[in-house]
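Each chain, letter by letter, is given below.
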Amino acid sequence: MSNNDINLDNNMNKTDVHDKLKQNGDIEKGQYHNLVSSVSWSKFIVMFLAASVLVAACTVAWVFQDWQTSLQVFAILFVVYVIAFYWRWIWIAMRTAKRDFSALYCYIKILLLTRSFSKKNYSMPDIFHDVVLKHPDKACFLFNDETWTFKQVEDFSLRVSAALKAKGVKRGDTVAVMTSNHPEMPAIWLGITRIGAVSPLINTNQTGNTLLHSINVAKCDFVIYGSEFEQAIQEIAKELNSSIKLFKFTRRPLNLSSDSVKVVESSDDFTALLESTSPATWSLSDGEGFNGKLLYIYTSGTTGLPKAAVISPSRMVFMASGVHYLGGLSSKDIIYCPMPLYHSAGGCITIGQAFIFGCTVALRTKFSASAYFPDCIKYNATAAHYIGEMCRYILATPPKPTDRQHKVRTVYGNGMRPTVWTDFVKRFGIKKVAEFYGATEGNANIVNIDNKTGAIGFISRIIPAVYPIAIIKVDENTGEPIRDSRGLCQVAKPNEPGVFIGKIKPNNPSRAFLGYVDKQASEKKIVRDVFEHGDSAFISGDILIADELGYLYFRDRTGDTFRWRGENVSTTEVEAAISRVTDQRDAVVYGVEIPNSEGRAGMCGIVDTDNNLDLDKLVKDMSRDLPKYARPVFLRVMSSLDMTGTFKLKKVDLQKEGFDPKTIKDKIYYLDPKLEKYIHLGPEEYDKIMSGQIRL
């Protein structure tokens with residue numbers, strides 16, 4: 001096809017033209033500019049003719065009638081012009097105006113709140129102190145049968161501050177915390193940050209080299225660990241720098257006398273130190289203020305060793321207030337949180353509801369699917385937090401008469417699969433799902449504010465400049481942004497997959513990018529020359545899709561999507577489909593390479609603890625929900641799957657192991673394309689696949 005054969009639409013923009021030329025393998029600079037010029041001239045001519053008709057009609061009406069008639073003609077023709085040329089925008093505006101302006105109102109409230117704290121240069125202990133003054137005797141945390149008031153939490157944190165000062169902790173030090181979920185955990189880091197130290201919150205599932213890495217990468221001076229993790233700490237103690245001081249914390253239930261729990265006192269006994277220390281007198285924090293370092297929170301480690309992300313008070317306020325206002329929460333809410341408090345979801349967003357807004361938070365040591373709503377009933381919760389695969393596990397529990405006997409009106413979190421969403425809401429009678437999206441280390445958060453099933457948030461189509469986020473086109477294989485002839489990024493069209501970005505504005509606390517402790521790792525998350533030369537943005541690495549109304553849907557992680565038989569396969573979509581047809585089993589999908597085959601073949605690791613997985617039924621059910629290219633070529637049947645502390649399935653190690661039965665103990669099957677059934681894969685079949693005798 002020659003350039004002359006390319007049909008141009010009057011509505012085609014420069015990006016469209018560039019794409020059209022690229023598809024035809026001809027993007028010479030002169031030809032590109034000629035086509036852009038032709039499109040621009042076409043638009044100009046149409047607008048000129050429309051304006052000419054408008055002026056002529058008004059002139060005729062004025063000459064033969066009067067100026068009032070001319071004005072009426074102008075108004076009528078102007079309305080016709082707007083409808084003719086902008087009817088699509090008007091339709092979208094009518095559909096989304098309520099959503100967008102409601103969000104704008106909430107966004108203004110968030111900015112006013114952050115501005116107030118910024119003027120005072122408050123750190124989190126200072127913000128919390130104002131809440132304590134408002135209602136000191138209100139319940140801050142509910143835990144088991146304990147009720148911690150706001151004053152009790154602050155008193156405990158003041159005792160922590162005094163005890164650590166006595167041990168030489170000072171402003172600028174790094175004091176890590178590794179304890180289970182209980183009220184003392186956030187109170188400990190509150191006491192640490194009051195001194196001006198930074199507190200890394202260590203994932204309590206970590207052991208060995210991963211734990212050693214987390215302590216070292218944060219450059220810790222002190223580590224406070226729960227007695228339940230003593231073995232994990234002792235295993236790496238000899239490999240730690242001798243200058244790092246370790247303190248063991250043994251939890252005592254609230255109001256229990258020190259004689260009731262036997263603690264062997266020693267120089268590293270943090271519990272004994274607290275009990276022998278008087279609380280510090282309250283004073284403003286000695287830290288870096290509202291935009292300084294507060295916490296280090298580690299990424300989930302789904303793609304390697306955890307990285308320590310920097311959290312400032314401003315970042316914590318922005319995350320927590322976004323969910324609070326956009327999620328429809330209030331200070332009167334009792335929020336149920338079985339989330340790990342070392343992660344940003346539980347430790348910043350939900351703890352922030354208590355520390356910033358005065359909500360009551362009910363904590364649980366560890367998530368239990370069967371106890372989720374019974375706990376909500378026990379604590380009279382009005383809102384609840386979820387993450388990752390939690391909702392699927394809860395939905396998989398047997399129905400009970402008590403399923404709707406709770407008071408929860410809103411659940412909020414991230415990672416609820418669209419395939420689970422409707423059934424979850426219907427079964428448990430949930431009025432509002434505030435699904436949100438945002439990376440721990442990122443600078444942009446979005447929230448689904450109007451119960452749009454499956455959406456993780458939205459981009460406004462009518463006032464897009466208010467909140468500077470975007471979906472940009474990326475190369476399917478490398479994940480690198482696709483740039484135009486000027487070297488700038490291109491915005492993805494409606495229903496076109498792209499990567500989520502948040503524009504960086506260093507002087508705006510809500511738009512700054514703090515990144516990781518590791519500056520090199522931070523630099524990898526920044527894309528430059530985005531929409532103009534010299535600007536920059538945080539690039540999430542997540543593939544999203546925005547529909548015509550601006551609703552955003554999670555598609556996959558960059559690198560997780562793979563290509564097979566000339567088609568892109570979304571691991572997230574395949575995992576959801578397989579999990580649904582196998583009664584909500586854990587399933588993880590990834591691509592593996594086969595010699596002399598283009599792309600990567602799909603492989604699925606699936607849990608079958610009871611040995612009752614019906615492979616024939618699985619093939620039949622998949623054929624209804626998945627196209628042929630998306631159905632896993634290989635199946636690995638496992639007793640369990642590794643999962644992060646935030647209920648995300650790990651797949652990196654599985655992908656490295658591939659499908660070689662000589663090195664994998666689990667049963668492996670391959671999908672015979674002729675028989676359309678899974679066949680057991682042994683060493684002989686493996687060799688035939690590798691040599692090309694068995695073609696898949």
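Residues numbered from 1 in each chain as written. Predicted model: local features only at pLDDT ≥ 70, side-chain atom pairs only at ≥ 80, totals over all residues. Heavy atoms only, no water.

1. Quick word on the packing of helix α4 (residues 124–134) against helix α11 (residues 344–357)
Orientation of α4 relative to α11, taken along the N-to-C sense of each, is 60°, at an axis distance of 7 Å. Between α4 and α11, the interaxial angle falls into the category oblique. On the side of α4, the interface is formed by M124, I127, F128 and V131, while α11 contributes A354, F355 and I356. (Axes fitted to C-alpha atoms, helices over the stretch in contact; angles between N-to-C directions. Helix = DSSP H or I, 4+ residues; strand = E, 2+ residues; numbered from the N terminus. Parallel < 35°, antiparallel > 145°, perpendicular 65-115°, else oblique. Contact = heavy atoms within 4.5 Å.)

2. Section: the sheet that holds strand β14 (residues 446–447)
Strands sit in the order β2-β1-β10-β9-β11-β12-β13-β14 across an open sheet of 8 strands; the sheet is mixed. At either margin of the open sheet sits one strand with a lone partner, and together these are β2 (146–149) and β14. (Pairing = 2+ DSSP bridges.)

3. Here we look at the nonpolar core
M124, F141, W189, F270, F355 and F424 are the most contacted members of the largest nonpolar core, which has 107 residues in total. Considering each element in turn, this core owes the most residues, 8 residues, to α11. F141 has contacts with E146, T147, W148, V153, P183, P186, I351, A354, F355, V361 and L363, leaving out every residue within four places of it along the chain. Ranked by size, the runner-up nonpolar core spans 44 residues in total, among them F562, V607, L635 and L681. (Core = buried A, V, L, I, M, F, W, Y, C linked by side-chain atoms within 4.5 Å. Buried < 20%, exposed > 50% of the residue type's maximum accessible area, 1.4 Å probe, protein only.)

4. What to know about the pairing of strand β8 (residues 308–311)
Every second residue of β8 is oriented toward a common face, with A308 and V310 on one face and A309 and I311 on the other, all of them buried. Bridging between strand β7 (residues 295–298) and β8 involves 4 bridges; their strand directions are antiparallel. Across the sheet, I297 pairs through a bridge with A309, a residue of β8.

5. Focus on the state of the cysteines
In total, this model carries 0 disulfides according to the counting rule given. Free cysteine C140: the closest other cysteine sulfur is in C359, separated by 9.8 Å. C140 sits in the buried class, given a relative accessible area of 0%. (Disulfide = S-S within 2.5 Å.)

6. Some thoughts on the pairing of strand β3 (residues 175–178)
Judged by which residues are buried, β3 turns out to be covered on both faces: V175 and V177 on one side and A176 and M178 on the other are all buried. Both β3 and strand β5 (residues 222–226) contribute to a ladder of 4 bridges, which runs parallel. By the bridge assignment for β5, A176 is matched with V223.

7. Section: the confidence of the model for the protein
Of all residues in the protein, 89% have pLDDT values of 70 or greater, and the mean over the chain is 86. The low-confidence segment residues 1–39 (pLDDT under 50) makes 45 contacts with residues lying over four places distant or belonging to another chain. (pLDDT = per-residue confidence, 0-100.)

8. What about the sheet that holds strand β25 (residues 634–638)?
Hydrogen bonds between backbone groups are what pair the strands of a sheet, and the pairing can be parallel or antiparallel. Read across the sheet, 5 strands follow the order β23-β24-β25-β26-β27 without closing on themselves; strand pairing throughout is mixed. Looking at strand neighbours, the two that pair on one side only are β23 (587–592) and β27 (677–680), the edges of this open sheet. Each neighbouring strand pair of the sheet contributes to a mean axis angle of 30°, computed without reference to strand direction. Where strand β26 (residues 667–672) and β27 come together, 4 bridges link them in antiparallel fashion. Considered in β27, the bridge of L671 is made with Y678. Relative to β23, helix α16 (residues 571–581) is tilted by about 140°, and along the sheet it contacts β23 and β24 (601–607). Relative to β27, helix α17 (residues 615–625) is tilted by about 145°, and along the sheet it contacts β25, β26 and β27.

9. Concerning the packing of aromatic side chains
Each pair of aromatic rings is reported with the distance of its centres and the angle of its planes. In this structure the tally under the stated criterion is 22 aromatic pairs. When the ring of W148 is compared with that of F156, the centres are 6.0 Å apart and the planes differ by 80°; the resulting orientation is edge-to-face. A single burial state applies to W148 and to F156, both of which are buried. Ring centres of F156 and F249 lie 6.5 Å apart, and the angle between their planes is 80°; this geometry places the pair in the edge-to-face category. Of this pair, F156 sits in helix α5 (residues 150–166) while F249 is found in strand β6 (residues 245–249), placing the two residues 93 residues apart along the sequence. Side by side, F156 and F249 carry an identical accessibility label, which is buried. (Phe/Tyr/Trp six-rings, centres within 6.5 Å; stacked < 30°, edge-to-face > 60°.)

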